[in-house]
Amino acid sequence: MIQKSDKILVIGSSGQIGTELVQNLREIYGISNVVASDVKVTEQAKEGPFEVIDVMNAQGLLEVVKRHNINQVYLLAALLSATAEKMPKFAWDLNMQGLFNVLDLAKEKIIQKVYWPSSIAVFGPNTPRENTPQFTIMEPSTVYGISKQAGERWCEYYFKKYGVDVRSLRYPGLIGWKSAPGGGTTDYAVHIFHEALKSGSYECFLSENTTLPMMYMPDAIKATIGIMESDYQKVKIRSSYNLSGFSFSPKEIALEIKKYIPNFSISYIPDSRQQIADSWPKSIDSSEAGIDWGWKPEYDLAAMTKDMIKNLKN
Ligand code: AKB
């Protein structure tokens with residue numbers, strides 16, 4: 001439920017999700033009620049309230065929260081899968097300490113609601129890969145996945161022990177035209193569009209039949225704001241919800257792009273990200289999210305491709 005008094009802080013607001021989330025939240029809550037923040041000043045600072053926040057600095061975070069009377073925090077600052085493998089200790093520190101600093105604000109009742117994203121990376125090589133259920137084997141083999149799985153456990157713990165209203169989604173790979181992804185294994189699904197339009201060819205870092213769960217950004221934003229605005233008692237899972245859009249492989253998305261750019265060509269040179277992708281599910285069962293708070297995706301591969309090409313051409 002939206003309240004006039006809501007004052008929202010988005011941490012890590014200049015990233016792939018944050019850029020679009022801030023725009024959407026501002027349309028709903030008003031520009032002055034949504035404070036964007038990142039570790040450094042970005043172009044976003046010109047569009048509305050903006051603060052420089054290092055989420056590892058609990059005192060600095062508290063000062064901003066108090067100064068703006070913040071009651072909801074969306075914590076998006078994190079290192080993604082591929083980057084985290086390059087700096088495991090820093091990834092663990094950032095992904096965990098950032099979460100604790102925000103959860104503790106809610107535990108102390110300084111803020112009322114927290115959004116924290118999890119990921120399909122919580123699953124691992126022993127997880128059933130097709131239509132992966134909400135509750136299943138979770139033995140992540142990446143630093144990012146380990147930090148997300150631990151984060152999920154802490155979210156549920158803070159909910160049960162301290163009554164913290166924390167909500168979370170396990171994002172699949174996200175595809176959007178407004179902002180670039182950074183450091184993920186699913187990033188190819190965005191780069192491929194830019195390269196197809198720029199040079200007509202793309203060298204993919206995953207092999208042709210690597211099927212992964214993906215989602216178009218408008219659906220991801222709808223789900224994110226949707227779970228945050230759902231009634232408290234409807235959000236029954238306080239670790240993180242499975243979230244699904246559609247699944248495809250590099251070969252399948254290339255074929256879809258060819259419908260608009262017939263001469264487009266793709267080649268495959270798998271790198272270290274292949275191993276990460278091979279440990280993740282191919283498709284996700286998100287029926288709990290549908291039953292509990294009404295999740296339903298709108299876009300499939302064809303609709304997403306059409307919209308991406310139209311917008312990137314513009
Ligand atoms: C990544 O590839 O690391 C992310 C994710 C699936 O969480 N996009």
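Reading the values: rules and limits
Residues numbered from 1 in each chain as written. Predicted model: local features only at pLDDT ≥ 70, side-chain atom pairs only at ≥ 80, totals over all residues. Heavy atoms only, no water. Domains from an automatic or database assignment. Contact = heavy atoms within 4.5 Å. Salt bridge = Lys/Arg side-chain N within 4 Å of Asp/Glu carboxyl O. Polar contact = N/O pair within 3.5 Å; in protein donor to acceptor, adjacent residues only side chain to side chain. Helix = DSSP H or I, 4+ residues; strand = E, 2+ residues; numbered from the N terminus. Nonpolar A, V, L, I, M, F, W, Y, C, P; charged D, E, K, R; others polar. Buried < 20%, exposed > 50% of the residue type's maximum accessible area, 1.4 Å probe, protein only. Expected span 1.5 Å × (residues − 1). Pairing = 2+ DSSP bridges. Right-handed = clockwise from strand over helix to strand, strands pointing away.

## Details of the domain arrangement of the chain
- For the chain, the assigned domains are domain 1 (8-173 + 217-242) and domain 2 (175-213 + 245-283 + 299-313).
- Using only C-alpha atoms to locate each centre, domain 1 and domain 2 end up separated by 25 Å.
- On the domain 2 side, the residues contacting the 26 residues of domain 1 number 24 residues.
- Between the two partners, domain 1 and domain 2, sit zero salt bridges.
- Linking domain 1 with domain 2 are 14 residue pairs in polar contact (both at pLDDT 80 or more).
- Only α1 (16-29), α3 (81-86) and α7 (217-229) provide two or more residues apiece to the side of domain 1 that touches domain 2.
- Taken together, the residues of the side of domain 1 that touches domain 2 sort by class into nine nonpolar, 12 polar and five charged.

## Side note on unusual backbone geometry
- Of note in this structure, N69 is not a glycine but carries a positive phi near 55°.
- Within the fold, N69 resides in the loop between α2 (58-67) and β4 (72-75).
- You can call N69 exposed: its relative accessible area is 61%.
- With phi around 65°, K109 is a residue other than glycine that occupies positive phi space.
- Relative to the helices and strands, K109 is located in the loop between α4 (88-107) and β5 (113-115).
- We classify K109 as exposed; its relative accessible area is 54%.

## As for helix α11 (residues 301-313)
- In this model, α11 (13 residues) spans 18 Å end to end at C-alpha, consistent with the 18 Å of a helix rising 1.5 Å per residue.
- The complete set of buried residues in α11 reads L301, M304, T305, D307, M308, I309 and N311.
- Here the buried face of α11 lies against β9 (173-175), α6 (188-198), β11 (212-216), β13 (246-248) and α8 (250-258).

## Some points on the pairing of strand β1 (residues 8-11)
- Residues I8 and V10 point to one face of β1 and L9 and I11 to the other, with burial holding for every one of them.
- In this structure, β1 lies alongside strand β2 (residues 34-38), joined through four bridges in parallel fashion. Across the sheet, I8 pairs through a bridge with V34, a residue of β2.
- For the segment spanning β1, α1 and β2, crossover handedness is right-handed.
- Pairing of β1 with β4 involves four bridges; the strand directions are parallel. Looking across to β4, one finds that V10 is bridged to Y74.

## So, the pattern of salt bridges
- All chains considered together, the criterion is met by 14 salt bridges.
- Where R167 meets D165, a salt bridge forms, and the shortest distance between an N and an O atom there is 2.9 Å.
- For R167, a relative accessible area of 1% translates into the label buried.
- On the basis of relative accessibility, which here comes to 9%, the residue D165 falls in the buried class.
- A salt bridge links R273 to D271, with the nearest nitrogen and oxygen atoms 2.6 Å apart.
- By relative accessible area, D271 is classed as partly exposed at 31%.

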